[in-house]
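# What the coordinates show
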Amino acid sequence: MDEEEIEKRIALAAKLIRDSNYIVAFTGAGISTESGIPDFRGKDGLWKKVDPKTATIEYYLEDPSRYWSRYLPENEEKSKGGMGDILSRKPNEGHIALAELEKIGKLKALITQNIDNLHQKAQQQLNSGNCEVIELHGNVVGCHCMDCGLKETRESVINRVRNGELPPLCIREDCDGLMKTDTILFGESLPPDAIMKAQAYSQRCDCMIILGSTLTVYPAAGYPHIAESSGAKLIIINLDETGKDYLADIVIHGKIGDILPKIIEKVKELI
Ligand code: NAD
């Protein structure tokens, strides 16, 4: 897609957003690559280096210490740039542009497949936060005991691991259950509440902006279909083609951090 075509589509997307009253965004791992978090299936995606079976619940339960040992001081250097140092990542221009869209009252909900908490960090940075963030795959900030459900922050669990507690167990006196990240591993069910809300927002929106997802993993990949068949216009912004480009009114192939801020600037000029 050449520059001229991209500019033309940016202008069309801005008009579509101006004319929409109930916008929902749907984001995947691609919106966070510019924050230094690899995606799964993109050009430099994690699945090129790591076996997807390492993200299954079976693999975790087989040897939980293997998962947590990435936080041992001797492994910290090796974990940098991957998922191991995800807590230290910052929102990029794409996350900030979405928070701006929310601030001007256009964005009503944000459905994300991401676990990195960067949408919430962008909301905090811009002091927005009226739009609900629906996390289909959980969040990396928290952990819970698999037996009694006790909550603990990931930071606190990591500190215990750094002090040699492997695998980390529940801190409640009468429980010694295994601690697990609040992110959803392959083989686990998605949170029913998140699925219900994502479905409802997809039905209700009049425009869905889809950013940084191959749109191959279900049920997530089904939301654009629900939105489209309920009458919404679709905008897809992604580096590569997605499995659902044919559904969209506007498709822009390029970097979200370059394109989305330009669209939002134009929207602000138009309203
Ligand atoms: P994916 O890896 O299948 O696809 C990412 C897509 O984003 C690719 O098509 C890629 O070309 C595109 N992309 C990458 N960088 C981009 C950029 N700067 N601008 C525009 N497009 C860009 O991701 P998915 O569809 O979200 O599915 C993967 C699953 O992995 C999700 O369910 C998610 O939970 C999880 N995941 C999350 C994170 C995170 O939280 N940041 C990171 C990796 C994986």
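Anything mentioned here points back to the structure above.
Read on for a plain summary of the structure. (Residues numbered from 1 in each chain as written. Predicted model: local features only at pLDDT ≥ 70, side-chain atom pairs only at ≥ 80, totals over all residues. Heavy atoms only, no water.)

Let's shift gears to the pairing of strand β4 (residues 142-145). Where β4 lies against strand β5 (residues 151-153), three bridges are found, and the strand directions are antiparallel. If you follow C143 over to β5, its bridge partner there is E152. Between β4 and the antiparallel strand that follows it, β5, lie five residues; G149 among them carries a positive phi value of about 85 degrees. For β4 and strand β6 (residues 179-181), the ladder comprises three bridges, and the chain directions are antiparallel. In the sheet register, C145 faces β6, and the bridge partner there is M179. (Pairing = 2+ DSSP bridges. Helix = DSSP H or I, 4+ residues; strand = E, 2+ residues; numbered from the N terminus.)

This part covers the nonpolar core. Considering soluble globular proteins, one finds that nonpolar side chains tend to be buried as a cluster. I235, I237 and I263 are the most contacted members of the largest nonpolar core, which totals 28 residues. Among the elements of the structure, α1 (3-18), β1 (23-27), α5 (93-103), β2 (107-112), β7 (207-211), β8 (233-238), β9 (250-253) and α10 (256-270) are those that each provide at least two residues to this core. Here I237 is in contact with I210, L211, G212, I252, G254, I256, I259, L260 and I263, once residues within four sequence places are set aside. In this structure, A109, I210, Y223 and A232 belong to the second largest nonpolar core, which totals 24 residues. (Core = buried A, V, L, I, M, F, W, Y, C linked by side-chain atoms within 4.5 Å. Buried < 20%, exposed > 50% of the residue type's maximum accessible area, 1.4 Å probe, protein only. Contact = heavy atoms within 4.5 Å.)

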